[in-house]
Amino acid sequence: MANIGTVLKEEIARVARKQQRAELAHLKKSVAQYRSQIAQLKRRMQALEQQVRKQARSAGRAPAVQEDEGPSLRFSAKGLAAQRQRLGLSAASVAKILGVSALSVYKWESGKTRPRARQLEAIASLRKMGKREAMARLAA
């Protein structure tokens, strides 16, 4: 027969384990919620950091300034290069037609800078120009 002391001791240990399990279950649930919230905050922080980097990159570029309320003209560096190649012209000759420096045309085509509104109009007229007209303007 068991000693009443050992039985009492085992019962106290059992009740303590039961109580401990209940407390730990509550703590585990809280930890899981906190980890989920931390992961969500990390994802949100990464998204915000990406937005900041994107805006910093776009702020580094010169925005197209519209001086008047005429039709908005779009500009594409690849499009300018394609127009130049379509006309069979060098960057220097396109610069001469547009009335700018060859370095400006190079920077526009590489995407380092954007032309001003006045220059956008000249580029738009270049789109409508054919090879003969371009050669005539170069000769003049």
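Residues numbered from 1 in each chain as written. Predicted model: local features only at pLDDT ≥ 70, side-chain atom pairs only at ≥ 80, totals over all residues. Heavy atoms only, no water.

Caption draft 1: Structural view of the overall build of the chain. Secondary structure assignment for the chain yields 6 helices and 0 strands. Ordered by position from N to C terminus, the α and β elements of the chain give α-α-α-α-α-α. Computed over its C-alpha atoms, the radius of gyration of the chain comes to 36 Å, more than 25% above the 14 Å expected for a compact globule of 140 residues. Residue burial in the chain is summarised as follows: out of 140 residues, 20% are buried. Carbon together with sulfur atoms contributes 55% to the accessible area of the chain, which is approximately 11400 Å² in total. Considering the chain, the positive charge centre built from 30 side chains and the negative charge centre built from 10 side chains are found 7 Å apart. (Helix = DSSP H or I, 4+ residues; strand = E, 2+ residues; numbered from the N terminus. Rg over C-alpha atoms; globule rule 2.2 N^0.38 Å. Buried < 20%, exposed > 50% of the residue type's maximum accessible area, 1.4 Å probe, protein only. Areas by Shrake-Rupley, 256 points an atom, 1.4 Å probe, with all protein chains shown as cover. Lys, Arg positive; Asp, Glu negative; His and termini not counted. Charge placed at Lys NZ, Arg CZ, Asp CG, Glu CD.)

Caption draft 2: Just helix H2 (residues 77-87), in detail. Considered for burial, the residues of H2 that qualify are Ala77, Leu80, Ala81, Gln83, Arg84 and Leu87. Summarising the axial view, the buried residues of H2 lie within an arc of 160°, below the 170-degree limit, and thus occupy one face. Exposed residues pointing more than 90 degrees away from the buried face of H2 are listed as Lys78 and Gln85. Next to the buried residues of H2 lie helix H3 (91-98), helix H4 (102-110), helix H5 (117-128) and helix H6 (131-139). (Arc of directions from axis to C-beta. Contact = heavy atoms within 4.5 Å.)

Caption draft 3: A look at the nonpolar core. With 17 residues, the main nonpolar core has Leu89, Ile97, Leu98, Trp108 and Leu126 as its most contacted residues. Among the secondary structure elements, those contributing two or more residues to this core are H2, H3, H4, H5 and H6. Here this core takes 4 residues from H3, the largest share from any one element. (Core = buried A, V, L, I, M, F, W, Y, C linked by side-chain atoms within 4.5 Å.)

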